[in-house]
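# Observations on the three-dimensional arrangement
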Amino acid sequence: MKTLPVFGRRPLQLIEETEQEQLIVSAPLAGAVVTNPMMGVLADASVADLRAACMARLDANTVALMAPERLTGDVERLISEIATERRIQINRREQRALAMELVNDILGLGPLEPLLADDSINDIMVNGPDKTFIERQGKVVLSNIKFRDAAHLASICQRIASSIGRRIDESSPMVDARLKDGSRVNIVFPPLALDGPYMSIRKFGRKPIDFAQLVEWKAMTAPVARILEIAGKGRLNIVISGGTGSGKTTLMNALSRMIDEGERVVTVEDAAELQFQQPHVVRLETRPTSLEGRGEITQRDLVRNALRMRPDRIIIGEVRGAEAFDMLQAMNTGHDGSMSTIHANTTRDALTRIENMVQMGNMGLPSRAIRTQIVGSIDLIVQVERHRDGGRRVTQVTEVCGMEGDVITLNDIFQFEVKGEAADGRLFGIYKISRMPPGFLPRLAYFGLDKPWRAALDDAERV
Ligand SMILES: Nc1ncnc2c1ncn2[C@@H]1O[C@H](COP(=O)(O)OP(=O)(O)OP(=O)(O)O)[C@@H](O)[C@H]1O
Ligand SMILES: [Mg+2]
């Protein structure tokens with residue numbers, strides 16, 4: 001038995017198996033091994049006994065290199081041997097379930113493995129060892145996944161953190177990480193997490209999503225998709241705005257497909273999750289402060305550096321601070337076709353947020369100057385929303401036109417209006433269209449895209 005540093009009031013007990021798990025932090029994640037814990041029949045004490053004995057006999061270095069299927073077979077035999085020695089009654093099905101559970105623990109992320117293997121799940125939210133919620137088709141529900149105890153969950157969190165060279169414990173209780181498959185993970189430990197550890201996973205779509213897929217999911221109509229495609233091809237500077245999990249990053253990935261193969265794209269992200277398909281993409285990721293409180297590299301540092309890397313386009317995963325200023329500069333200085341996402345509720349709100357971010361990083365800059373800069377930089381804002389039916393939709397496509405006095409003028413090219421609810425609970429509605437010719441039409445004409453733009457608007461009206 002070994003005692004971990006105290007989390008909150010309660011010391012966590014690590015049993016031998018956790019030590020074993022820690023030895024193999026660099027182990028590859030298991031494939032899609034699905035656990036089916038049917039262990040309810042056996043007394044808890046016998047299971048714990050078997051589990052501990054089995055883990056004690058496995059050589060961590062060897063098993064870390066084994067294929068999951070082979071290891072499951074070996075562990076099953078070992079369980080059967082130990083059960084015979086200790087006179088524990090266990091049937092084949094229980095042996096197999098326990099073997100799978102152990103293999104998931106050793107090679108993968110324990111009880112989370114089946115959720116990670118299930119492509120229909122977007123988000124996994126672990127609220128302590130007993131409660132794990134999942135999001136499926138826009139709806140959040142409680143799953144039947146449980147961890148053995150807080151120590152079991154903590155050890156899995158620690159493995160995720162150490163796989164990217166970070167540590168998670170009481171002294172550094174928050175970590176942003178990424179799983180081997182690219183899924184984004186945030187972990188918060190006690191004492192900050194009162195019933196924790198808490199873990200939030202945004203799964204990484206295995207299949208990159210394009211506009212055809214988004215139209216099929218009814219995130220937008222085909223003409224709206226075409227307009228966005230034209231905007232991407234015509235190198236407009238685009239900001240995608242929306243709430244948490246509304247589909248901003250997904251839309252940016254889809255838009256990125258319009259980027260020409262010959263262009264040099266530099267991406268800047270806090271936790272890399274963009275899936276660009278072009279050959280010439282340079283990906284930068286921020287670095288948090290080290291435990292000694294040094295060495296932080298912010299998005300602003302990276303955007304400034306990106307400007308010196310001869311980029312054609314600069315893509316910022318999400319603007320959240322002082323880098324907003326540098327983003328506007330980049331958009332304004334020949335890096336047409338730059339893009340970013342932002343957390344905001346409406347397209348107008350997105351501009352206010354950008355203005356505030358610039359102001360916070362550059363005290364004393366007059367509002368009017370910032371607004372002029374915004375108007376000169378951003379061409380289009382696309383708003384995405386997650387509606388109450390779980391559907392994610394493009395709700396506004398707005399052109400940033402100019403200034404009237406001190407106010408930025410906007411033109412909603414598309415605006416989605418909910419018209420009602422179908423029998424299956426899905427919302428339906430229409431796009432209202434503005435026919436005012438956008439200020440960037442000459443730019444589209446330069447790329448030969450003005451006619452397709454008008455045609456797409458005509459189509460949109462007919463739908
Ligand atoms: N139109 C859509 N229909 C169905 N699912 C979608 C749609 N758009 C995105 N998703 C799914 O929703 C989840 C959240 O999407 P995404 O990561 O793009 O959101 P986000 O707004 O960038 O979130 P965050 O605010 O956390 O950065 C993803 O799992 C994605 O696959
Ligand atoms: Mg995102």
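In this text the structure is predicted, and so the values were computed from the model without any measurement. (Residues numbered from 1 in each chain as written. Chains lettered and ligands numbered in written order. Predicted model: local features only at pLDDT ≥ 70, side-chain atom pairs only at ≥ 80, totals over all residues.)

On to the overall build of the protein. A count of helices and strands for the protein gives 16 helices and 17 strands. Taking the principal axes of its C-alpha atoms as reference, the protein extends roughly 85 × 55 × 40 Å. (Helix = DSSP H or I, 4+ residues; strand = E, 2+ residues; numbered from the N terminus.)

A separate point is the pairing of strand β4 (residues 132-136). Pairing analysis gives five bridges linking strand β3 (residues 121-127) to β4, with the strands arranged antiparallel. Looking across to β4, one finds that Asp123 is bridged to Glu135. Counted between consecutive antiparallel strands, the loop separating β3 from β4 contains four residues, among which Gly128 sits at a positive phi close to 80°. Relative to strand β5 (residues 139-142), β4 is paired through four bridges, and the arrangement is antiparallel. Considered in β5, the bridge of Arg136 is made with Lys139. As consecutive antiparallel partners, β4 and β5 are separated by two residues, and within that stretch Gln137 has a phi angle of approximately 45°, a positive value. (Pairing = 2+ DSSP bridges.)

Take the pairing of strand β9 (residues 238-242) next. The buried fraction of β9 amounts to five of the five residues, a majority that puts the element mostly inside the structure. Every second residue of β9 is oriented toward a common face, with Ile238, Ile240 and Gly242 on one face and Val239 and Ser241 on the other, all of them buried. Pairing analysis gives five bridges linking β9 to strand β13 (residues 339-343), with the strands arranged parallel. Within β13, the residue paired with Ile240 across the bridge is Thr341. Relative to strand β14 (residues 380-386), β9 runs parallel, the two being bridged by five bridges. What sits directly across from Ile240, in β14, is Val382. (Buried ≥ 20, exposed ≤ 12 C-beta atoms within 10 Å, placed from the backbone.)

Once that is clear, we can look at the confidence of the model for the protein. When pLDDT is averaged across the protein, the result is 86; 90% of the residues are at 70 or more. Below a pLDDT of 50 lies the segment residues 1-38, which in the model reaches 85 contacts outside its immediate sequence neighbourhood of four places, other chains included. (pLDDT = per-residue confidence, 0-100. Contact = placed C-beta atoms within 7 Å.)

Here the focus is the site of ligand 1. Around ligand 1, a shell composed of 16 residues is seen, among which Asn122, Ala219, Gly247, Thr249 and Thr250 lie nearest. Within the shell around ligand 1, the residues separate by chemical class into three nonpolar, nine polar and four charged. (Near = placed C-beta within 6 Å. Nonpolar A, V, L, I, M, F, W, Y, C, P; charged D, E, K, R; others polar.)

The next thing to look at is helix α9 (residues 222-233). The terminal C-alpha atoms of α9, which comprises twelve residues, lie 16 Å apart, in line with the 16 Å expected from a rise of 1.5 Å per residue. Among all positions of α9, only Pro223, Val224, Ala225, Arg226, Ile227, Leu228, Ala231 and Gly232 are buried. The positive-phi residue at the C-terminal boundary of α9 is Arg235, with phi of around 55°. (Expected span 1.5 Å × (residues − 1).)

Here we take up unusual backbone geometry. Working note: non-glycine residues mostly have negative phi, and peptide bonds are mostly trans. Residue Pro191 is bonded to the preceding Pro190 through a cis peptide linkage, with omega at 5°. Residue Pro197 is bonded to the preceding Gly196 through a cis peptide linkage, with omega at 0°. Among the structural elements, Pro197 can be located in the loop between β7 (184-188) and β8 (198-202). For Gln137, which is not glycine, the phi dihedral falls at a positive 45°. In this structure, Gln137 sits in the loop between β4 and β5. In this model, Arg310 sits at a positive phi of 50°, which is unusual for a non-glycine residue. You can see Arg310 is positioned in the loop between α11 (299-307) and β12 (313-316).

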